[in-house]
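Now for the letters of each chain:
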Amino acid sequence: MQLLNVSHLKKYFKDIKAVDDISFSIEKGEILGLLGPNGAGKSTTISMLSTLIKPDDGVITYKGKDIVKSPQAIQGSLGYVPQEIALYPNLTGRENLEFWGRAYGLKGNKLKKQIKKVSGIIGITDRLKDKVSQYSGGMQRRLNIGAALLHEPELIIMDEPTVGIDPQSRKHILDTVLELNKEGMTVIYTSHYMEEVEYICNKV
Ligand SMILES: Nc1ncnc2c1ncn2[C@@H]1O[C@H](COP(=O)(O)OP(=O)(O)OP(=O)(O)O)[C@@H](O)[C@H]1O
Ligand SMILES: [Mg+2]
């Protein structure tokens, strides 16, 4: 089943052609790699898919619905892992997950259950009580991913989730993505590391 379709997408910032007429689609269960050097337009593309900014031209549909006209068609089904770490350093890991879980509409026992599940997946269960400011860079990256998994999204979009971390943490993240995909999650994965994209993606 086709989940997302992007057709002739364009976004210009004055005379900078940030995204210049790209088209692609993703089937349910695929891992799509968006590969490109700094400034290629990856984050801009992702911002349009996540309905954070509007395209200048082109059409994006999610399950056949135009997401520019109906942003809610994708919003509830989407997990978004931003390129910049979006966590509160003065809160603990658990408090950060609680915050993001509530933002995604979870509460009570369901929220507790999801925090337990997600911290297991990202491997930070034993550090949930610690403040994020005391986490290593790799742990912060993992928590940043965990925040987007709490509501069990159908599609997760990850913007360079392995920047600035060691090979071991990177391997952990890549294997987590493969594991989530095995459980049925569709993934859009942005990177400028060709070997990462080669390792996990079905389509580039
Ligand atoms: N809000 C903005 N205003 C003006 N120019 C912008 C804006 N956002 C992005 N750009 C420009 O658009 C181009 C694409 O940027 P974008 O952040 O999408 O690239 P990227 O592929 O994500 O790069 P990186 O690998 O460095 O994260 C760049 O030239 C950038 O300077
Ligand atoms: Mg970027």
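One can find the structure itself at the top, above this paragraph.
Predicted model, so just to flag it, every value in this text is computed and none were measured. (Residues numbered from 1 in each chain as written. Chains lettered and ligands numbered in written order. Predicted model: local features only at pLDDT ≥ 70, side-chain atom pairs only at ≥ 80, totals over all residues. Heavy atoms only, no water.)

Tell me about a nonpolar patch on the surface, residues and numbers included.
Judged by side-chain polarity, Leu35, Met194 and Val204 come together as a nonpolar surface patch covering roughly 320 Å² of accessible area. Relative to the helices and strands, Leu35 resides in strand E3 (residues 31–35). We classify Leu35 as partly exposed; its relative accessible area is 37%. (Patch = residues over 30% accessible without salt bridge, like charges linked within 9 Å, V, L, I, M, F, W, Y side chains within 5 Å. Areas by Shrake-Rupley, 256 points an atom, 1.4 Å probe, with all protein chains shown as cover. Salt bridge = Lys/Arg side-chain N within 4 Å of Asp/Glu carboxyl O. Helix = DSSP H or I, 4+ residues; strand = E, 2+ residues; numbered from the N terminus. Buried < 20%, exposed > 50% of the residue type's maximum accessible area, 1.4 Å probe, protein only.)

Tell me what's going on with the pairing of strand E8 (residues 186–191), and back it up with residues and numbers.
Of all six residues in E8, six are buried; the element is thus mostly enclosed. Neither face of E8 is open: one carries Thr186, Ile188 and Thr190, the other Val187, Tyr189 and Ser191, and all of them are buried. One crossover worth recording links strand E7 (residues 155–159) to the parallel E8 by way of helix H6 (residues 167–182), and it is right-handed. (Right-handed = clockwise from strand over helix to strand, strands pointing away.)

Which residues make up the environment of Glu160, and what are the values?
Structurally, Glu160 can be placed in the loop between E7 and H6. Given a relative accessible area of 6%, Glu160 falls into the buried group. Leaving out residues up to four positions away in the same chain, Glu160 has contacts with Lys42, Gln83, Arg141, Thr190, Ser191 and His192. (Contact = heavy atoms within 4.5 Å.)

Could you give an account of the site of ligand 1, naming the residues involved and the relevant values?
The immediate surroundings of ligand 1 are formed by 14 residues, with Gly39, Lys42, Thr44, Gln83 and Glu160 found nearest. The backbone of Gly39 places a nitrogen or oxygen atom 2.8 Å from an oxygen atom of ligand 1. If ligand 1 stood free it would expose 640 Å²; the protein chains cover 63% of that surface. Those elements that place two or more of their residues in the shell around ligand 1 are strand E2 (16–27) and helix H1 (42–49). The element that contributes the greatest number of residues to the shell around ligand 1 is H1, accounting for three residues. Taken together, the residues of the shell around ligand 1 break down into five nonpolar, seven polar and two charged. (Near = heavy atom within 4 Å. Polar contact = N/O pair within 3.5 Å; in protein donor to acceptor, adjacent residues only side chain to side chain. Nonpolar A, V, L, I, M, F, W, Y, C, P; charged D, E, K, R; others polar.)

Please provide a residue-by-residue account of the packing of aromatic side chains, values included.
Aromatic rings in a pair are described by how distant their centres are and how their planes are angled relative to each other. For the coordinates displayed, the defined rule picks out two aromatic pairs. Between Tyr88 and Phe99, the aromatic rings sit 5.1 Å apart at their centres with planes inclined by 80°, giving edge-to-face as the arrangement. Of this pair, Tyr88 sits in the loop between strand E6 (78–81) and helix H3 (93–103) while Phe99 sits in helix H3, and the two are eleven residues apart along the sequence. Using a relative accessible area of 41% as the deciding quantity, one classes Tyr88 as partly exposed. (Phe/Tyr/Trp six-rings, centres within 6.5 Å; stacked < 30°, edge-to-face > 60°.)

Function cannot be read off these values alone, since they describe shape.
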